[in-house]
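Here's the letter readout for the chains.
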Amino acid sequence: MNSRSLAVVLAAGQGTRMRSRLPKVMHPVGGLPMISHVLNAVERAGIGRTALVVGREAPWAEGARGNASLHVQSEPRGTAHAVLAAKAAFDEGIDSVIVLFGDNPLIEAETIDSVLARVHGGADIAILAFETDAPTGYGRVLLDDNGHVAAIREERDASEAERAVRLCNSGIMAIRAGEPLAALDTIEANNSKAEFYLTDLVEIGHARGFNIVWQRAPHAEVMGVNDRAQLAEAEAEFQRRARAKALQGATLLAPETVFFSHDTVIGEDVTIEPNVVFGPGVVVDDGVTIRAFSHIEGAVISPGAVVGPYARLRPGTSIGPKVRIGNFVEVKNSALATGAKVNHLSYVGDANVGAGANIGAGTITCNYDGKKKFRTDIGEGAFIGSNSALVAPVAIGDRAYVGTGSVITEDVPADALAIARGRQVNKPDRSPAKPDVPHAEEGGDHAEGEDGAGSEADVRGTSP
Ligand code: UD1
Ligand code: MG
């Protein structure tokens, strides 16, 4: 149905109200730039062609455009002027144009489809409107005595009576190809900003007897983001939706404290404890528990795994089935196979951890020498004693056992026991805590010899 429609997505405004170096439409909501939310919704609505209008060619626009053609409106002279900047895309084959704004990130495909359906059903122009008690800043939709749309008045050009109207323009407008679309050329810049307003098409069309219809949308879905307060509102609404979606199959103990990304995938029978943040690229499979205060991005978590509390999973992480990641554990760019355990206070980076391996508290994979990163391989069923440093590149064989406190710089063969730490020396009756042992003098009582074991020569001023 929409395959002969053209979507024109406007993103050439300066976005000065954001006070940002980043183009307004590139500010993220749910971790995805606003413009990508809009382009994705357009695609889901099955629209045949998309034209993206930007202020100038720029890498961000190239990166965001997807299948859309790019059009430059070199001076921001208003929304109608911006639509006309995409005229090269208005070819014979299209039956309708739908205009969307890059700063309406929460628009849904179904809504786009339903506005276009009005034009396909015979309307010349269909606008999407919403009602709000806080209409400040929006164009007001003015109806004539018959309830038809007569005009849209921008706030700064509105009379006091018009400002009292609470029906607002969302900015989304579908226009039938032919006479209604051609009328865009007749819009003049006769308003207080001397801009060409797309909204003026309504008044022009009304005078010509066009069939102009309006449709209602929830304010939350069509809110425009012009400043950072509105960006925060859009984020809040995005999170409300994401939580509602997650709650379809997951238990969230305190949903309002859990933050999702646009692409978070949550399986069935997942439990998410309070204060969890999902960055982009996370898949949580069935039966997983994410315990409180965990921060997770770029990670795939397999069925039955338990992560947290206070865990940090960073990009490139694959958590196998039934793996346990405990408190204050950071994992980056690593794969942990079935049943592996890292329960306390560890850093696992650039590593493969075999099935059933157990990584003791305080283990660090030393993956970085200041210039380059190296990998650590830990075999199946291996046991890494607490407080060990595995200096990569290094491999620990299957079922190998690393003694507590080791600094491992060489590979450990399968089934071997590796101990790499200073040997303990006990000196009978030498404890300074013992009443008759003289106090140690400064400068060396605690020094250790080269072999790390301590030697008599290091101990001055005391007799054995
Ligand atoms: C616009 C509408 C207003 C509506 C509101 C909804 C007009 C004249 N006003 O106001 O009726 O209630 O959106 O959010 O249409 N843009 C360009 N080139 C330009 C000007 C704007 O590409 O020359 C783009 C902007 O990047 C933005 C969109 O058009 O994505 C809307 O522009 P913006 O300045 O945000 O308009 P509003 O003041 O919000
Ligand atoms: Mg706006």
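Just so it is clear, the model here is predicted, and its values are computed rather than measured.

**Things to note about the pairing of strand β6 (residues 96-101)**
- Most of β6 sits out of view: six of its six residues are buried.
- Across the two faces of β6 the burial is the same, with Ser-96, Ile-98 and Leu-100 and Val-97, Val-99 and Phe-101 all buried.
- Inspection of the sheet shows strand β1 (residues 5-11) paired to β6 by six bridges, in the parallel sense. Pairing of Val-8 across the sheet is with Val-99, part of β6.
- Direction of pairing for β6 relative to strand β10 (residues 167-176): antiparallel, over a ladder of four bridges. Each residue of the ladder has a partner; that of Ser-96, found in β10, is Arg-176.

**Re a negative patch on the surface**
- Residues Glu-268, Asp-269, Asp-285 and Asp-286 make up a contiguous surface patch of negative charge.
- Summarising the element assignment, Asp-269 is placed in the loop between β13 (265-266) and β14 (270-272).
- Residue class for Asp-269 comes out exposed when judged on its relative accessible area of 64%.

**A look at the sheet that holds strand β35 (residues 401-402)**
- One open sheet holds the 10 strands; their spatial order is β12-β14-β17-β20-β23-β26-β29-β32-β35-β37, and the pairing between them is parallel. Each having just a single partner strand, β12 (250-252) and β37 (417-418) make up the two edges of the open sheet.

**Focus on the coordination of the magnesium ion (ligand 2)**
- Looking at the magnesium ion (ligand 2), the protein donor atoms are Asp-103 (OD) and Asn-226 (OD1), and they sit 2.3 Å from it. You can see Asp-103 sitting in the loop between β6 and α4 (109-120) and its partner Asn-226 sitting in the loop between α8 (219-222) and α9 (228-246), a full 123 residues away along the chain. Asn-226 carries the same exposure label as Asp-103, and that label is buried.

**So, the domain arrangement of the protein chain**
- According to the domain assignment, the protein chain contains domain 1 (5-222) and domain 2 (228-459).
- On a C-alpha basis, the centroid separation for the pair domain 1 and domain 2 is 49 Å.
- Each partner contributes to the interface: domain 1 provides 17 residues, whereas domain 2 provides 11 residues.
- Across the interface of domain 1 and domain 2, roughly 1100 Å² is buried in total on both sides, 60% from carbon and sulfur atoms.
- Counting the surface domain 1 buries against domain 2, the share from its top three residues, Met-18, Gly-30 and Leu-106, is 42%.
- Taken together, the connections running from domain 1 to domain 2 amount to one salt bridge.
- Among the ionic pairs, Arg-241 bridges to Glu-108, the shortest N-O distance being 3.5 Å.
- On the surface where domain 1 and domain 2 come into contact, there are six residue pairs in polar contact (both at pLDDT 80 or more).
- Elements with a minimum of two residues in the side of domain 1 that touches domain 2: β2 (28-29), α1 (34-44) and α8.

**Topic: the site of ligand 1**
- Near ligand 1 there are 24 residues, and of these Ala-12, Gln-73, Gly-78, Glu-154 and Asn-169 occur at the shortest range.
- Between Gly-102 and ligand 1, the recorded distance is 3.4 Å, taken from a backbone N or O atom to an oxygen atom.
- Residue Asp-103 places a side-chain N or O atom 3.0 Å away from an oxygen atom belonging to ligand 1.
- Look at ligand 1: alone it shows 760 Å² of surface, and the protein chains cover 92% of it.

**Quick word on the nonpolar core**
- Counting 92 residues, the largest nonpolar core has Ile-98, Leu-100, Ile-272, Phe-278, Ile-301, Ile-325 and Ile-396 as its most contacted members.
- Broken down by element, the residue count for this core peaks at six residues, all from α1.
- Looking at which domains feed residues into this core, each of domain 1 (5-222) and domain 2 (228-459) supplies at least three.
- When near neighbours in sequence (up to four residues on either side) are disregarded, Phe-278 contacts Val-258, Phe-259, Phe-260, Ser-261, Thr-264, Ile-266, Ile-272, Val-284, Ile-290 and Ile-296.
- Residues Leu-10, Ala-86, Ala-129 and Leu-198 belong to the second largest nonpolar core, which totals 35 residues.

**So, a nonpolar patch on the surface**
- There is a patch of nonpolar side chains on the surface, built from Phe-293, Tyr-310, Phe-328 and Leu-345 and spanning about 420 Å² of accessible area.
- Assignment of secondary structure puts Phe-293 in the loop between β17 (289-290) and β18 (295-296).
- Taking relative accessible area as the criterion, Phe-293 reaches 43% and is therefore assigned partly exposed.

**Some words on the pattern of salt bridges**
- Per the stated rule, a full pass over the model turns up 20 salt bridges.
- Linking Arg-208 and Glu-179 is a salt bridge whose minimum nitrogen-to-oxygen distance equals 3.6 Å. In this pair, Arg-208 sits in the loop between α7 (200-207) and β11 (212-216) while Glu-179 sits in helix α6 (residues 179-182), placing the two residues 29 residues apart along the sequence.
- Overall, the relative accessible area of 40% leaves Arg-208 in the partly exposed class.
- A residue is classified by how much of its surface remains accessible, and Glu-179, at 47% relative accessible area, is partly exposed.
- Here the residues in one salt-bridge network are Glu-108, Glu-237, Arg-240 and Arg-241, joined through shared partners.

Procedures and definitions
Residues numbered from 1 in each chain as written. Chains lettered and ligands numbered in written order. Predicted model: local features only at pLDDT ≥ 70, side-chain atom pairs only at ≥ 80, totals over all residues. Heavy atoms only, no water. Buried < 20%, exposed > 50% of the residue type's maximum accessible area, 1.4 Å probe, protein only. Helix = DSSP H or I, 4+ residues; strand = E, 2+ residues; numbered from the N terminus. Pairing = 2+ DSSP bridges. Patch = residues over 30% accessible without salt bridge, like charges linked within 9 Å, V, L, I, M, F, W, Y side chains within 5 Å. Areas by Shrake-Rupley, 256 points an atom, 1.4 Å probe, with all protein chains shown as cover. Salt bridge = Lys/Arg side-chain N within 4 Å of Asp/Glu carboxyl O. Lys, Arg positive; Asp, Glu negative; His and termini not counted. Charge placed at Lys NZ, Arg CZ, Asp CG, Glu CD. Donors = N, O, S within 2.8 Å, 3.2 Å for Na, K, Ca; no water. Domains from an automatic or database assignment. Contact = heavy atoms within 4.5 Å. Buried area = accessible area lost by both parts, 1.4 Å probe. Polar contact = N/O pair within 3.5 Å; in protein donor to acceptor, adjacent residues only side chain to side chain. Near = heavy atom within 4 Å. Core = buried A, V, L, I, M, F, W, Y, C linked by side-chain atoms within 4.5 Å.

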